[in-house]
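Tertiary structure, described
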2 protein chains.
Amino acid sequence: MPEPLYRQLAERLRARIDAGDLRPGDQIPSEAELGEEFGVSRNTVRLAVTALANEGLIESRAGRGTFVRQRRTVTVLHPLDPSGVPPGPKDAFKSTLEREGVKPTQENFRVEFRRATAEVAARLGIEEGDRVVVRRMDRLVDGEPWSRQESFYPVEIAEGTELMSPDDIPRGTIRVLKENGHAQVGFRDEINCRMPTRDESGFLGSPPGVPVLELFRVAYSEERPIRLTITVYAGDSTQFAYEVGDVSARGETGRGSRDREDG
Amino acid sequence: MPEPLYRQLAERLRARIDAGDLRPGDQIPSEAELGEEFGVSRNTVRLAVTALANEGLIESRAGRGTFVRQRRTVTVLHPLDPSGVPPGPKDAFKSTLEREGVKPTQENFRVEFRRATAEVAARLGIEEGDRVVVRRMDRLVDGEPWSRQESFYPVEIAEGTELMSPDDIPRGTIRVLKENGHAQVGFRDEINCRMPTRDESGFLGSPPGVPVLELFRVAYSEERPIRLTITVYAGDSTQFAYEVGDVSARGETGRGSRDREDG
DNA sequence: AAGTGGTCTAGACCACGGG
DNA sequence: CCGTGGTCTAGACCACTTC
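Quick caveat, the model's predicted, so the values are computed rather than measured.

A few words on the interface of chain B and chain A. Each side of the interface is counted separately: chain B has 46 residues, and chain A has 46 residues. Note on chain B versus chain A: buried area summed over both sides is about 3600 Å², and carbon and sulfur give 56% of it. It is Arg-188, Cys-193 and Val-244 of chain B in chain B that bury the most area against chain A; as a group they hold 18% of the surface buried on that side. The interface formed by chain B and chain A contains two salt bridges. Between Arg-188 of chain B and Glu-243 of chain A there is a salt bridge; the shortest N-O distance is 2.7 Å. On the surface where chain B and chain A come into contact, there are 12 residue pairs in polar contact (both at pLDDT 80 or more). Elements represented by at least two residues in the side of chain B that touches chain A include exactly β4 (74–77), β8 (186–194), β9 (212–220) and β11 (238–245) of chain B. Per-element tally for the side of chain B that touches chain A: the top contributor is β8 of chain B, with nine residues. Its residues placed into classes, the side of chain B that touches chain A shows 19 nonpolar, 10 polar and 17 charged. Two strands pair when backbone bridges link them, and strand β8 (residues 186–194) of chain A and β11 of chain B are joined in this way by six bridges, in the antiparallel orientation. Residue Asp-189 of chain A lies in a different strand from β11 of chain B, and its bridge partner there is Tyr-242 of chain B.

This is how it looks when you write it as structure tokens:
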């Protein structure tokens, strides 16, 4: 048997988008129109549209229509400095992203107490159920939701410090830890990829079919784990990078030259 | 309005799985049975089942039934040695995974010439359309498909070397490069996350809703980029890790103690 | 032969968004 | 108000797997 109708339709739509016939931000024909144009039922059209939405290629907005998604990829180059202290006066988030030429902002700071889940406890070297301090915030680039971060601290480390204030700490939390006798000497990153929860999908503004990149970073002092940071990024607009050793042969920055055409 | 029916159904099914009522490998009730049990049409059941399949929680096999997926996560700890030469006599893939306690195998080795795409050319510092040598293979852990790798070499580097042979090179390709005067002194990793193509989804044996983790690694000698390796991993059974600086406070290996219960 | 999921139709009603 | 996508029904035929 040949390809099913809904996949043929999906491929035709994909071709129109790839060819630039439909451009990012454009509205695609309504489901009724597509059904008529291809001589299939609306349900079949929906199978095709859903498939493309699940790849993050298009996005439906109830009551309005279906549009070609525009995605810009931001590369996060994770510096390999074991101390984690950023070079300038700003925190790592701002210094990393400003180098990428985008405008980073943070909002919705919150600080709360929680019980450590097994996942958190294992990484912080504490017992499941122990109390932990959680700092969380949302991060935007150029005004659009981009990632959501939660940092877990053992109570003894965070209590009584600036870390308890539900506000931005412009110089960065790593400096605060250091000032309080918990200098970071190393860290371990774990990177996962999964489908978003409904919460995440809502916040990130990505259609439910777009995966998320999840970064677990455990920071260590010489004595103990001092922090676990879990950050969830929109998968289709984020890329991580690590540079090891001598990469001077890489030449120009490269990645920045994607399609900046402004002045 | 309350939650739509298909989402209620999806949540009930998810609850059964989370509770251990339905265990990995188990077959879930057929679509007809679920429709009768919940008093909804088969199409509505399919919406629920599709949603869970898109999260990688269950998997449908035509003609047979729908089953709870079993997933095991393999952690790839990327060593930060700039030379890339693995410690033992084996290549990096085998030495990394054997440390994880699983059995790595490789198959379907192929070597071919191709024209560099823009993506490849930019990373190798060559011109789009230049000829490149591509070595590719499939990788399995414990006999199950796990990742597919393609390595791109500028022709001048690969031609006339052992790299042209479509076979495993047990001591690792990095050693071969070094023997031919292209010692690696650094590398850059770029990590993406996206939905699989149909090919990939087929090979990896993951339902089409499970994302893939994609690793671009560019290796550099002192003079130039010598290789680009693109590896695509099943997203729901792979995790990357990087350890920087002193992480001795991490204590025991941790990650290995998941649920090994053999003796 | 019987049961499964895969595909497809032709309807229906709804909430939402914009003129 | 009307067009949009979101949800839902009640059928149908098919290919494939298992017995």
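Looking now at the pattern of salt bridges. Counted according to the given criterion, the structure contains 52 salt bridges over all chains. For Glu-55 of chain A, the salt bridge identified is with Arg-14 of chain A, shortest N-O distance 2.8 Å. Remark: Arg-14 of chain A occurs in helix α1 (residues 5–18) and Glu-55 of chain A occurs in the loop between α3 (42–54) and β2 (58–61); sequence separation between them is 41 residues. Taking the relative accessible area as the measure of exposure, Glu-55 of chain A reaches 31% and is therefore partly exposed. For Arg-224 of chain A, the salt bridge is made with Glu-156 of chain A, and the minimal N-O distance between the two is 3.1 Å. Here the residue Arg-224 of chain A occupies a position in the loop between β9 (212–220) and β10 (225–234), and Glu-156 of chain A occupies one in helix α6 (residues 155–158), the gap between them amounting to 68 residues. Each member of the salt-bridge network shares a partner with another, and the members are Arg-123, Arg-188 and Glu-190 of chain A together with Glu-243 and Arg-250 of chain B.

Taken in spatial order, the eight strands line up as β5(A)-β6(A)-β7(A)-β10(A)-β9(A)-β8(A)-β11(B)-β4(B) in an open sheet, and their pairing is mixed. Bordering the open sheet on either side are β5 (104–115) of chain A together with β4 of chain B, each of which pairs with just one other strand. With direction set aside, neighbouring strand axes in the sheet form an average angle of 20 degrees. Sheet analysis places β5 of chain A next to strand β6 (residues 131–141) of chain A, joined by 10 bridges and oriented antiparallel. In the strand pairing of β6 of chain A, Arg-115 of chain A is matched with Arg-131 of chain A. Relative to β5 of chain A, helix α4 (residues 92–99) of chain A is tilted by about 150 degrees, and along the sheet it contacts β5, β6 and β7 (144–154) of chain A.

Okay, the nonpolar core next. Counting residues in hydrophobic clusters, the biggest one holds 28 residues, and the most contacted among them are Trp-146, Ile-191 and Phe-240 of chain A together with Trp-146, Ile-191 and Phe-240 of chain B. Those residues within four positions of Phe-240 of chain A in sequence are excluded, and the remaining contacts are Val-76, His-78, Ile-191, Leu-213, Leu-215 and Tyr-233 of chain A together with Asp-189, Glu-190 and Ile-191 of chain B.

What follows is about the protein's contact with DNA strand D. Lining the immediate surroundings of DNA strand D are 24 residues, of which Arg-42 and Gly-63 of chain A together with Leu-5, Asn-43 and Thr-44 of chain B lie closest. Counting only atoms of DNA strand D within 4 Å of the protein, the fraction found in sugar and phosphate groups is 66%. Here Ser-41 of chain B contributes a backbone N or O atom positioned 2.9 Å from a phosphate oxygen of DNA strand D.

Moving on, we get to the protein's contact with DNA strand C. Inspection of the region around DNA strand C gives 25 residues, with Leu-5, Ser-41, Asn-43 and Thr-44 of chain A together with Arg-42 of chain B positioned closest. Within 4 Å of the protein, the contacting atoms of DNA strand C are drawn from sugar and phosphate to the extent of 66%. A distance of 3.1 Å separates a phosphate oxygen of DNA strand C from a polar atom in the side chain of Tyr-6 of chain A. Arg-7 of chain A is positioned with one of its side-chain polar atoms (N or O) 3.3 Å from a phosphate oxygen of DNA strand C. Counting only elements with at least two residues in the surface near DNA strand C, the list comes to α1 and α3 of chain A together with α3 (42–54), β2 (58–61) and β3 (65–68) of chain B. Here the residues of the surface near DNA strand C sort into six nonpolar, 11 polar and eight charged.

With that out of the way, let us pick up unusual backbone geometry. Residues and elements named next belong to chain A. Backbone geometry places Asn-108, a non-glycine residue, at a positive phi of 55 degrees. Here Asn-108 is to be found in strand β5. Notably, Asp-142 is not glycine yet its phi reads approximately 50 degrees, a positive angle. Mapping Asp-142 onto the fold places it in the loop between β6 and β7. Residue classification places Asp-142 among the partly exposed positions, given a relative accessible area of 35%.

Take the packing of α1 of chain A against helix α2 (residues 31–38) of chain A next. Residues and elements named next belong to chain A. Between α1 and α2, the shortest axis-to-axis distance is 12 Å and the interhelical angle comes to 110 degrees. As far as their axial angle goes, α2 and α1 are roughly perpendicular. On the side of α1, the interface is formed by Leu-9, Arg-12, Leu-13 and Arg-16, while α2 contributes Leu-34, Glu-37 and Phe-38.

What follows concerns α2 of chain A. Residue and element names in this part refer to chain A. When we look at burial in α2, the residues that qualify are Glu-31, Leu-34 and Gly-35. Buried residues in α2, looked at end-on, bunch into an arc of 100 degrees, giving them a common side. Residues of α2 that are exposed and point over 90 degrees away from its buried face: Ala-32 and Glu-36. In this fold, the buried residues of α2 make contact with α1, β1 (27–28) and α3. Of the residues flanking the end of α2, it is Gly-39, one or two places downstream, whose phi is positive at about 70 degrees.

So, about the relation of the copies chain B and chain A. Overlaying chain B on chain A yields an RMSD of 0.0 Å, the required transformation being a rotation through 180 degrees with an accompanying axial translation of 0.0 Å. Seen this way, the second copy is the image of the first under a two-fold rotation axis. Both copies present the same face, since 100% of the interface residues in chain B are matched by interface residues at the equivalent positions in chain A.

Confidence in the prediction for chain A averages 90 pLDDT; 95% of positions are at 70 or higher. When mean pLDDT is taken per element in chain A, β9 of chain A scores highest with 97 and helix α8 (residues 198–204) of chain A scores lowest with 81.

What counts as what
One numbering rule holds for all chains: residues counted from 1, following each sequence as written. Chains and ligands are labelled sequentially in the order written, the chains with letters from A and the ligands with numbers from 1. Under the rules for a predicted model, residues below a pLDDT of 70 receive no local features and side-chain atom pairs below 80 are neither given nor counted, while totals for whole chains, interfaces and linings still include all residues. With hydrogens and water set aside, each side-chain value is computed from the structure's full complement of heavy atoms. Any two residues having at least one pair of non-hydrogen atoms within 4.5 Å are treated as being in contact. Note on definitions: buried area is the accessible-area loss of two parts on being combined, 1.4 Å probe, summed for both. The term salt bridge refers to a side-chain nitrogen of Lys or Arg lying within 4 Å of a carboxyl oxygen of Asp or Glu. What qualifies as a polar contact is a pair of N or O atoms within 3.5 Å, subject to a donor-acceptor requirement within protein and to the restriction that residues adjacent in sequence count only when both atoms come from side chains. Segments assigned H or I by DSSP are reported as helices when at least four residues long, segments assigned E as strands when at least two residues long, and all are numbered from the N terminus. Gly counts as polar in this scheme, as do all residues outside two lists: the nonpolar Ala, Val, Leu, Ile, Met, Phe, Trp, Tyr, Cys and Pro, and the charged Asp, Glu, Lys and Arg. Here, a strand pair is defined by DSSP locating no fewer than two bridges between the strands. A 1.4 Å probe rolled over the protein chains alone gives each residue an accessible area, and that area as a share of the maximum for its type sets the label: buried under 20%, exposed over 50%, partly exposed in between. An axis is simply a line fitted to the C-alpha atoms; with a helix, the fit covers only the stretch in contact. Between two such axes, the angle follows the N-to-C directions and lies from 0 to 180 degrees. Note on terminology: a nonpolar core comprises buried Ala, Val, Leu, Ile, Met, Phe, Trp, Tyr and Cys residues joined through side-chain atoms within 4.5 Å. In these notes, residues near a molecule or strand are those with any non-hydrogen atom within 4 Å of it. Note that the term roughly parallel is reserved for angles under 35 degrees, roughly antiparallel for angles over 145, roughly perpendicular for angles of 65 to 115, and oblique for everything else. Along the arc lie the directions from the helix axis toward the C-beta atoms. What sets the superposition is a least-squares fit of C-alpha atoms, and only residues with pLDDT of at least 70 in both copies go into it. Confidence per residue, as judged by the predictor, is encoded in pLDDT with a range of 0 to 100.

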